[in-house]
Amino acid sequence: MVESLDQVLLQGLREVLGTPKGMIALHEPEFTGNESALVQDCLDSTFVSSVGKYVEQFEAALAEYTGAKHVIAVVNGTAALHIALKLAGVQSQDEVLLPALSFVATANAVSHSGAVPHFVDSSLDTMGIDPIALAEYLSATAEPTSDGLRNRHTGRRIAAIVPMHTYGHPVDMATLMEVANRHKLAVVEDAAESLGSTYQGRHTGTFGKLGTLSFNGNKIITTGGGGAILTNDTELARHAKHLTTTAKRPHRWEFFHDEVAWNYRLPNLNAALGCAQMERLPDFLARKRELANRYQTAFSRLSGIRFVAEPVQSRSNYWLNTVQLEVPEMNIRDQMLAATNAAGYQCRPTWILLHKLPMYTDCPHAPLPVAEQLEASLINLPSSAGLMLRIGELA
Ligand SMILES: *Cc1c(COP(=O)(O)O)cnc(C)c1O
């Protein structure tokens, strides 16, 4: 019997998650540890805003966990990227390379820094930037100058590249760093989705000059809203803290600010939540990995749909579990989304490619055959760590 692909997908979902009574969310946060206690302690202290111990504690916990020498907590992941790009040397009218397949925040942060997004293609294996295709594209499109890499067509300097670790799966960073170094491109990693993911044993976000995280409500841990900048460079770290906290010179009473800066600090209240969430991270990761294993087993027995497993040399946090249709077809994908959502499984397509959004249609882009294929074929499945605790009662 030839089954339609929406029936195949439903079969896989039922096998892993059982039959939902209500809606099984794509990704839900979990606050069953010290969250209430630490947030209450923060309220009791009255230090809920720009001063307090939890910001430092949260930064220290993130530094210890990721191995980054310095971590600067900020108000969200987009703000983290904005400042990281600025500190990487990106200037107004520069171009910045980034994957066409990403969340809009990656491109917005480039725009906020006054630069022009320049979109490049992805790899089927990692769903992130394909460094081999990138190298070929740059040889044809760009030339070295005394001022750095120059786009032959636009005349603009290409200052930096932003690899993004899609749904928690690490980019091939060894090859990407080699290509970036050869072309003298600064690397800023968008690790918003990949807290807990490593490449060759090293945490994502620590390969480039700077890296960034997000703690939005849908991410692997949350502070309500929040983000962080990672770097091993002590001077960049000092400047990142300065620029995200109004550039005020320390003084007992004087308001002396020494450059145009931002109020991008993470409130102490949010950091308290973050400290409690960091205690839970290893447990979240273990349960998400178990859930991914179950999906992988279920879909390995079904045809027409491939489960996207972690790339070689990598350990993924499996932030959002993803399947790929073997034949990319937007109509079939949409039928599958309609069927699964009607059946109570909240599934989502991947993002519309960024160069198709109205504000980015005029931006330069490489040929994007793989990104186009991924756009028409990726579906995210319910991925909350909490599902592993509920599977017994769902089945
Ligand atoms: C979540 C996310 C961000 C940052 O988002 P914020 O909501 O600003 O914290 C940036 N890039 C990617 C790829 C993301 O998924």
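In this section: the confidence of the model for the protein. When pLDDT is averaged along the protein, the result is 97; 98% of the residues meet or exceed 70. Mean pLDDT values over the elements of the protein span from 79, in helix H12 (residues 387–394), up to 99, in strand S2 (residues 95–99).

Attention now moves to the pattern of salt bridges. Tallying each qualifying case throughout the model produces 19 salt bridges. Of the charged contacts in the structure, one is a salt bridge between Asp 334 and Arg 333, with a shortest N-O distance of 3.0 Å.

On to the domain arrangement of the protein. Per the domain assignment, the segments of the protein are domain 1 (2–30 + 280–394) and domain 2 (35–277). A straight line from the C-alpha centre of domain 1 to that of domain 2 covers 25 Å. Counting residues at the interface gives 44 residues for domain 1 and 50 residues for domain 2. Summed over both sides, the interface between domain 1 and domain 2 buries roughly 3900 Å², with carbon and sulfur atoms accounting for 64% of that surface. The largest per-residue losses of area from domain 1 upon contact with domain 2 belong to Trp 319, Trp 351 and Leu 354, which jointly make up 19% of the total buried on that side. On the surface where domain 1 and domain 2 come into contact, there are zero salt bridges. Among the secondary structure elements, those contributing two or more residues to the side of domain 1 that touches domain 2 are helix H9 (268–300), strand S13 (314–315), strand S14 (322–325), helix H11 (369–375) and strand S16 (378–380). Residues belonging to the side of domain 1 that touches domain 2 are distributed by class as follows: 26 nonpolar, twelve polar and six charged.

Taken together, 15 residues sit near the ligand, with Thr 78, Asp 190, Glu 193, Ser 214 and Lys 219 positioned nearest. At 2.8 Å from an oxygen atom of the ligand is found a main-chain nitrogen or oxygen belonging to Gly 77. Here a nitrogen atom of the ligand and a side-chain polar atom of Asp 190 are 2.7 Å apart. Relative to its unbound accessible area of 380 Å², the ligand is 92% covered by the protein chains.

Phe 58, Leu 62 and Leu 195 are the most contacted members of the largest nonpolar core, which totals 79 residues. Element by element, the count of residues in this core is highest for H9, at eight residues. Taken domain by domain, this core gets at least three of its residues from each of domain 1 (2–30 + 280–394) and domain 2 (35–277). Not counting residues up to four positions away in its chain, the partners in contact with Leu 195 are Leu 62, Tyr 65, Thr 66, His 203, Leu 213, Phe 215, Ile 220, Ile 221, Met 278, Leu 281, Leu 285 and Asn 317.

On inspection of all chains with the given rule, the structure shows nine aromatic pairs. Ring centres of Tyr 199 and Phe 207 lie 5.8 Å apart, and the angle between their planes is 70°; on these two criteria the pair is classed as edge-to-face. Here Tyr 199 matches Phe 207 in class, with each residue buried. One Lys or Arg, Arg 202, reaches over the ring of Phe 207 and ends 4.4 Å from the middle of that ring.

The strand order across the open sheet formed by four strands is S12-S14-S16-S15, and the pairing between neighbours is antiparallel. Strands at the two margins of the open sheet, each flanked by one partner only, are strand S12 (305–307) and strand S15 (348–349). Direction of pairing for S12 relative to S14: antiparallel, over a ladder of three bridges. Each bridged residue has a counterpart across the sheet, and for Phe 307 the counterpart in S14 is Val 323.

Our focus in this paragraph is the environment of His 355. With respect to the helices, strands and loops of the structure, His 355 is situated in the loop between S15 and H11. Remark: the alpha-carbon pair of His 355 and Lys 21, spanning 334 residues in sequence, is separated by 39 Å. Ignoring any residue separated from it by four or fewer positions in sequence, one finds His 355 in contact with Ala 100, Phe 119, Tyr 360, Thr 361, His 365, Leu 368 and Glu 372.

In this section: helix H2 (residues 35–45). Within the sequence span of H2, burial applies to Glu 35, Leu 38 and Cys 42. Angular distribution of buried residues about the axis of H2 spans 80°; they occupy a single face of the element. Facing away from the buried side of H2, by more than 90 degrees, are the exposed residues Ser 36 and Asp 44. Lining the buried residues of H2 we find helix H3 (53–66) and H9. Trailing H2 by a residue or two, Thr 46 shows a phi angle of about 65°, which is positive.

Here we come to the sheet that holds strand S8 (residues 198–199). The strand order across the open sheet built from three strands is S9-S8-S13, with neighbouring strands paired in antiparallel fashion. Whereas interior strands pair on both sides, the edge strands pair on one side only; in this sheet they are strand S9 (202–203) and S13.

With that settled, consider the side chain of His 82. Inspection of the secondary structure puts His 82 in helix H4 (residues 77–87). His 82 gets classed as buried once you look at its relative accessible area, which sits at 6%. When sequence neighbours within four positions are dropped, the list of residues in contact with His 82 reads Ala 109, His 112, Ser 113, Trp 262 and Tyr 264.

Cut-offs used in this document
- Residues numbered from 1 in each chain as written.
- Predicted model: local features only at pLDDT ≥ 70, side-chain atom pairs only at ≥ 80, totals over all residues.
- Heavy atoms only, no water.
- pLDDT = per-residue confidence, 0-100.
- Helix = DSSP H or I, 4+ residues; strand = E, 2+ residues; numbered from the N terminus.
- Salt bridge = Lys/Arg side-chain N within 4 Å of Asp/Glu carboxyl O.
- Domains from an automatic or database assignment.
- Contact = heavy atoms within 4.5 Å.
- Buried area = accessible area lost by both parts, 1.4 Å probe.
- Nonpolar A, V, L, I, M, F, W, Y, C, P; charged D, E, K, R; others polar.
- Near = heavy atom within 4 Å.
- Polar contact = N/O pair within 3.5 Å; in protein donor to acceptor, adjacent residues only side chain to side chain.
- Areas by Shrake-Rupley, 256 points an atom, 1.4 Å probe, with all protein chains shown as cover.
- Core = buried A, V, L, I, M, F, W, Y, C linked by side-chain atoms within 4.5 Å.
- Buried < 20%, exposed > 50% of the residue type's maximum accessible area, 1.4 Å probe, protein only.
- Phe/Tyr/Trp six-rings, centres within 6.5 Å; stacked < 30°, edge-to-face > 60°.
- Lys NZ or Arg CZ within 6 Å of the ring centre and 35° of its normal.
- Pairing = 2+ DSSP bridges.
- Arc of directions from axis to C-beta.

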